[in-house]
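Residues per chain are reported as follows:
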Amino acid sequence: MKAFAPVEWDGDAVLYLDQRLLPHEVRHERAQTVDDIESAIRGLAVRGAPCIGVFAAYGTALLRRTIVDDEGFARAARRVREARPTAVNLAWAVDRVLAATDPLEEARAIHEEQKAIDDAIGAHGIELFAKGARVLTHCNTGPLATGGSGTALGVIIAAHRAGKRPRVFVDETRPLLQGSRLNYLELRMAGVDAVLMVDAAAAVAMKRQRIDLAIVGADRVARNGDTANKIGTYGLAILAAHHGIPFYVAAPRSTFDFSLERGDAIPIEERAAEEVASFAGTRAAPEDAVVYNPAFDVTPGHLVTAFVTEAGIVRPPYAETIPNLEMAPEVLRLSR
Ligand code: MRU
């Protein structure tokens, strides 16, 4: 397994990179049981909406082989499907594997498609960058988050490779630091000029660092463009609107939930108080602190300048253009 590949099929297990240990340690683990799969997803060892989908697809294919009775398998698949609520890719991928005649072939297809989809998202997004663009981004949306080349970070890296030489301002992304631990690492590995900052610096960076655009990923997008993504994204979109900065969301079609009219129906995961009340293993609040820890927020569609998808750039009015996206030809179902 390549050191930074987040997920790989290994015959009798799903290998994964434990992203909680990055950037200090590169350690691969083997998921063999439903407990292993569920806890890797819940614990954020494997994370990022498309990557969770790829991992869950292989996991479901593995469980189909190892759990012989249909009822036991259905229970296990449900546990995987419900391990995290917000990223729609998880349920979408499990459902695809459940409906397939060959579960492993379907899981492999989901993984291969993701790679091609990410490359297409990256290629479509290059046009959003002027030479030397100063870009703000949030959370981790690179290869670790998708199993391919990434969504928002994939666009940034594609622009870099196309000679646009972007300078990227990277939010650390409290409380779990996906920005500083993972996004910054991936930008450095790709040779992109990156500047790390605390989340609270976003407003002043927009004002004083002449940010040209913001680009983020998504965990679920409703038909009107309302977008669930890592906590803090909504605030960034408001700041971008205030400063007249375009705000882009890069996401594959599998992240669009065409069954939802609006974002207020998107389930938002709330995580343990401990994630906020501790910092780097040290208590950072009084023992009895009452904590509010939503892992995601929903940015209203009217604050999103455009979506970058594998089918191209999708612009408002979203109530018309996003449903069209569902109808777009399935050009990227490569493995069929
Ligand atoms: O809680 P996480 O780390 O799984 O959250 C990830 C994000 O919010 C990403 O921005 C999103 O999944 C897009 S990943 C390409």
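Residues numbered from 1 in each chain as written. Predicted model: local features only at pLDDT ≥ 70, side-chain atom pairs only at ≥ 80, totals over all residues. Heavy atoms only, no water.

Peer 1: Hey, could you run me through the environment of Arg 220 in this one?
Peer 2: The residue Arg 220 is located in strand S8 (residues 220-221) in this model. On the basis of relative accessible area, Arg 220 is assigned to the buried category, the value being 11%. Sequence spacing of Arg 220 and Asp 199 is 21 residues, and the spatial spacing of their C-alpha atoms is 22 Å. Not counting the four nearest positions on each side in its chain, Arg 220 is found in contact with Pro 85, Thr 86, Val 88, Asp 226, Thr 227, Ala 228, Thr 255, Asp 257, Leu 260, Ile 266 and Pro 267. Within polar-contact distance, the side chain of Arg 220 engages the backbone oxygen of Pro 85 at 3.0 Å. (Helix = DSSP H or I, 4+ residues; strand = E, 2+ residues; numbered from the N terminus. Buried < 20%, exposed > 50% of the residue type's maximum accessible area, 1.4 Å probe, protein only. Contact = heavy atoms within 4.5 Å. Polar contact = N/O pair within 3.5 Å; in protein donor to acceptor, adjacent residues only side chain to side chain.)

Peer 1: Explain the site of the ligand to me, please; I cannot follow it from the model alone.
Peer 2: Looking at the ligand, there are 17 residues lining it, with Arg 47, Arg 84, Asp 219, Asn 229 and Lys 230 nearest. The contact in question runs from an oxygen atom of the ligand to an N or O atom on the backbone of Gly 48, over 3.0 Å. At 2.9 Å, a side-chain N or O of Gln 178 approaches an oxygen atom of the ligand. Calculation on the ligand without its partners gives an accessible area of 420 Å², and the protein chains cover 100% of this total. Put simply, the parts of the chain that give the shell around the ligand at least two residues each are helix H2 (49-66), helix H6 (143-146) and strand S9 (227-230). Looking at side-chain class alone, the shell around the ligand contains six nonpolar, seven polar and four charged residues. Three or more residues apiece are contributed to the shell around the ligand by two domains, here domain 1 (7-116) and domain 2 (120-327). (Near = heavy atom within 4 Å. Areas by Shrake-Rupley, 256 points an atom, 1.4 Å probe, with all protein chains shown as cover. Nonpolar A, V, L, I, M, F, W, Y, C, P; charged D, E, K, R; others polar. Domains from an automatic or database assignment.)

Peer 1: Any chance you could explain the packing of H2 against helix H4 (residues 88-99) here in plain terms?
Peer 2: Think of two packed helices as two axes; the pair is described by the angle between the axes and how far apart they sit. One way to put it is that H2 packs onto H4 with a least axis distance of 8 Å and a crossing angle of 30°. It follows from the interaxial angle that H2 and H4 lie roughly parallel. Crossing handedness for the pair H2 and H4: right-handed. In this structure, H2 uses Ala 49, Pro 50, Ile 52, Gly 53, Ala 56, Ala 57, Thr 60 and Ala 61 to contact H4, whose residues at the interface are Asn 89, Leu 90, Ala 93, Val 94, Val 97 and Leu 98. (Axes fitted to C-alpha atoms, helices over the stretch in contact; angles between N-to-C directions. Parallel < 35°, antiparallel > 145°, perpendicular 65-115°, else oblique. Left-handed = near helix turned anticlockwise from the far one by under 90°.)

Peer 1: Got a minute to help me understand the pattern of salt bridges in this structure?
Peer 2: A side chain of one charge can pair with a side chain of the opposite charge when the charged atoms of the two come close. Inspection of the entire model under this criterion finds 24 salt bridges. Taking the shortest distance from any N to any O, the salt bridge between Glu 274 and Arg 283 comes out at 3.3 Å. Connected via shared salt-bridge partners are Asp 35, Glu 38, Arg 42 and Arg 79. (Salt bridge = Lys/Arg side-chain N within 4 Å of Asp/Glu carboxyl O.)

Peer 1: So what exactly am I meant to see when it comes to the domain arrangement of the protein chain here?
Peer 2: Put simply, an interface is often sized by how much accessible area is lost when its parts join up. Under the domain assignment, the protein chain is made up of domain 1 (7-116) and domain 2 (120-327). Between the C-alpha centres of domain 1 and domain 2 there is a distance of 23 Å. Contact with domain 1, which involves 25 residues of that partner, is made by 29 residues of domain 2. With both chains or domains summed, domain 1 and domain 2 bury close to 2,100 Å², and 52% of this area falls on carbon and sulfur atoms. Elements represented by at least two residues in the side of domain 1 that touches domain 2 include exactly H2, H4 and helix H5 (103-125). Of the residues in the side of domain 1 that touches domain 2, the class split is 13 nonpolar, seven polar and five charged. (Buried area = accessible area lost by both parts, 1.4 Å probe.)

Peer 1: What is the right way to read the environment of Phe 4 from this model?
Peer 2: Along the chain, Phe 4 falls in the segment before strand S1 (7-9). On the basis of relative accessibility, which here comes to 30%, the residue Phe 4 falls in the partly exposed class. A sequence separation of 158 residues divides Phe 4 from Ala 162, and the C-alpha atoms of the two residues are 23 Å apart. Not counting chain neighbours up to four residues away, the residues in contact with Phe 4 comprise Leu 17, Leu 22, Val 26, Leu 144, Leu 185 and Met 189.

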